[in-house]
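# Geometric and topological summary
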Amino acid sequence: MKPILKSAKLANVCYDIRGPVMQRARQLEEEGHRILKLNIGNLAPFGFEAPDEVRQDVIKNLGEASGYSDSKGMFAARKAIMHYCQQKQIQGVTLDDIIVGNGVSELIVMSMQGLLNNGDEVLLPAPDYPLWTAAVSISGGRPRHYLCDEQSDWYPDLDHMRSLINEKTKAMVIINPNNPTGALYPESVLREIIQIAREHQLIIFADEIYDKVLYDGAEHTSIASLADDVLFITMNGLSKNYRACGYRAGWMVISGDKRHATDYIDGLGIMASMRLCANVPGQFAIQTSLGGYQSINDLVGPNGRLTRQRNLAYDMMTSIPGVSCVKPKAALYLFPKLDAKLYPIENDQKFILELLEAQKVLVVQGTGFNWPTPDHFRVVFLPNTDDLTDAMGRIARFLETYRKK
Ligand code: PLP
């Protein structure tokens, strides 16, 4: 029998967040070990539930949710998204410019498949949320990673970004607020990014799924609100801001200079029709979420649960010798750096596997986010303060033995 192989298009697709180390963790759990999971930004298992009014609304509407909706999304959901765009000062968005999807994940893949021909290039951040890189690869494109600079609060290195552009470059992706670094880009940086896109006629894809998970009173600016002469595709959804990962409700908004992009926009419509529609119960949650009480603000306020957990994780992590970290201004993650002299790591997947085996703590290696060197890892600060304290203590003990090796 000939072996049945996966498509060659999957050759460069990696998604280490749910990769082999996670499988080992599952095995350990089956053997009866308790694993402290600091690996996935899934809020509900840590007691962060979707707002009650949203859950009730979905339950109430379930009876009406048996049919397909419009391929681009339900009218009420898209109206609410349109209104949200107005609040974020994204100009000129009509109902037709909004496509609702089964989470942002589906839309990331759809937007790349609808755009790229083989060999087309897309600029992506390093580190990145790896689905973006995977989506470019599976669509036949070539991911080109521009470095983000840890010395400058993890802002994009704009010179590096410019140096990667050639005649095959079609688009750039920015993730703001950023996963995994927790960076939040100021308007000045966003304007410089727009200038690069303008000069080279690139589409800007902006993943803004954490735009309400902001600490210390920070504010978020949508890059699409800053210009109308560049094409923007802005992605957002309910997963993080409304703790509703399982509802699979996300959207993309097309704005800016749409005149030259009618063919691509048409392609996005075709992609939306091909999958008929996004799940309808999830769509019912959108209007109530966007229009209701914004309980995320309680969680990220000065004494909010997420703020307290971020502070605790950051303080404990940075008190470990040879570990430094930019304090996240947003999102749910720390992306600490390990001093290469104290921790001469060659393979960071092996490193986090050793951490898992020795201390039963699960994190994700930095290279899983397309970071080029094996000297970072990502920690999710969703567990409660007792579990976080326990996990940070275990990481500290593991690193102590690693130093002494
Ligand atoms: N974009 C970023 C930056 C994320 O961190 C995530 C999930 O962690 C997603 C997109 C996927 O979101 P969704 O649940 O809407 O598919």
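Where an unreviewed UniProt entry is consulted, the chain appears under the name alanine transaminase, with the organism given as Limnobacter litoralis. Regarding the chain, the UniProt comment filed under Sequence similarities (unreviewed entry) reads as follows: "Belongs to the class-I pyridoxal-phosphate-dependent aminotransferase family." Listed under Cofactor (unreviewed entry) in UniProt, the entry text for the chain is "pyridoxal 5'-phosphate".

### What about the overall build of the chain?
Along its length, the chain carries 13 helices and 15 strands. Against the compact-globule benchmark of 22 Å for 405 residues, the chain has a radius of gyration of 21 Å, which places it among compact chains. Oriented by its inertia axes, the alpha-carbon framework of the chain measures out at about 60 × 60 × 50 Å. Here the chain holds 405 residues, and 47% of them are scored as buried. For the chain, the share of sequence-separated contacts (at least 6 apart) that also reach a separation of at least 24 residues comes to 73%.

### Some thoughts on the sheet that holds strand E14 (residues 364–365)
Strand pairs in the sheet, formed through backbone hydrogen bonds, run parallel or antiparallel to each other. One open sheet accounts for three strands, arranged E11-E15-E14; its pairing is antiparallel. Of all strands in the sheet, those with a lone pairing partner are strand E11 (333–334) and E14, marking the two edges. As paired elements, E14 and strand E15 (residues 377–380) share two bridges and run antiparallel to each other. Residue pairing across strands places Val364 opposite Arg378, the latter belonging to E15.

### Overview of the site of the ligand
Taken together, 13 residues sit near the ligand, with Gly103, Val104, Ser105, Tyr129 and Ser239 positioned nearest. Sorting elements by how many residues they give to the shell around the ligand places helix H4 (residues 103–113) first, with three residues. Broken down by class, the residue content of the shell around the ligand amounts to five nonpolar, seven polar and one charged.

### Quick word on the nonpolar core
What tends to happen in soluble globular proteins is that the nonpolar side chains get buried as a cluster. Of all hydrophobic cores here, the largest spans 121 residues; its most connected members are Val173 and Ile204. Two domains each provide a minimum of three residues to this core, namely domain 1 (8–49 + 298–404) and domain 2 (52–291). Setting aside chain neighbours within four positions, we find Val173 in contact with Val122, Leu123, Leu124, Pro125, Trp132, Phe205 and Asp207.

### Notes on unusual backbone geometry
Trans is the common state for peptide bonds, and a negative phi is the common state for residues other than glycine. A cis amide bond, omega 0°, links Asn176 with the succeeding residue Pro177. Residue Pro180 is reached from Asn179 by a cis peptide bond, and omega for that bond is 20°. Not every positive phi belongs to a glycine, and Arg248 is a case in point at roughly 50°. Within the secondary structure, Arg248 sits in the loop between strand E8 (231–237) and strand E9 (249–256).

### A few points about the confidence of the model for the chain
For the chain, the mean per-residue pLDDT works out to 95, and 99% of the residues sit at or above 70. Per the prediction output, this complex has pTM 0.96; the corresponding ipTM is 0.99.

### Section: helix H9 (residues 280–291)
The buried fraction of H9 amounts to 10 of the 12 residues, a majority that puts the element mostly inside the structure. What H9 keeps buried is the set Val280, Gly282, Gln283, Phe284, Ala285, Ile286, Gln287, Thr288, Ser289 and Leu290. Contacts from the buried residues of H9 go to helix H2 (52–61), helix H3 (75–87), strand E2 (98–102) and E9.

### Digging into the packing of H2 against H9
The geometry of a pair of packed helices is captured by two quantities: the angle between their axes and the separation between those axes. Following both chains from N to C, one finds H2 and H9 inclined at 135°, their axes separated by 9 Å at the closest point. On the basis of the axis angle, H2 is oblique to H9. When you trace H2 past H9, the crossing you get is right-handed. On the side of H2, the interface is formed by Glu53, Val54, Asp57, Val58 and Asn61, while H9 contributes Pro281, Phe284, Ala285, Thr288 and Ser289. Its residues placed into classes, the contact of H2 with H9 shows five nonpolar, three polar and two charged.

### Topic: the pairing of strand E7 (residues 203–207)
Across the five residues of E7, five count as buried, placing the element largely inside the fold. A two-sided burial pattern is seen for E7, the buried positions comprising Ile203, Phe205 and Asp207 on one face and Ile204 and Ala206 on the other. Of the strand pairs in this sheet, strand E6 (residues 169–175) and E7 are connected by five bridges, and their pairing is parallel. Looking across to E7, one finds that Met172 is bridged to Ile204. Between the parallel pair E6 and E7, the chain is carried across by helix H7 (residues 187–200), and the sense of this crossover is right-handed.

Cut-offs used in this document
- Residues numbered from 1 in each chain as written.
- Predicted model: local features only at pLDDT ≥ 70, side-chain atom pairs only at ≥ 80, totals over all residues.
- UniProt positions renumbered as here; feature names shortened; annotations may be inferred.
- Helix = DSSP H or I, 4+ residues; strand = E, 2+ residues; numbered from the N terminus.
- Rg over C-alpha atoms; globule rule 2.2 N^0.38 Å.
- Buried ≥ 20, exposed ≤ 12 C-beta atoms within 10 Å, placed from the backbone.
- Contact = placed C-beta atoms within 7 Å.
- Pairing = 2+ DSSP bridges.
- Near = placed C-beta within 6 Å.
- Nonpolar A, V, L, I, M, F, W, Y, C, P; charged D, E, K, R; others polar.
- Core = buried A, V, L, I, M, F, W, Y, C linked by C-beta atoms within 7 Å.
- Domains from an automatic or database assignment.
- pLDDT = per-residue confidence, 0-100.
- Axes fitted to C-alpha atoms, helices over the stretch in contact; angles between N-to-C directions.
- Parallel < 35°, antiparallel > 145°, perpendicular 65-115°, else oblique.
- Left-handed = near helix turned anticlockwise from the far one by under 90°.
- Right-handed = clockwise from strand over helix to strand, strands pointing away.

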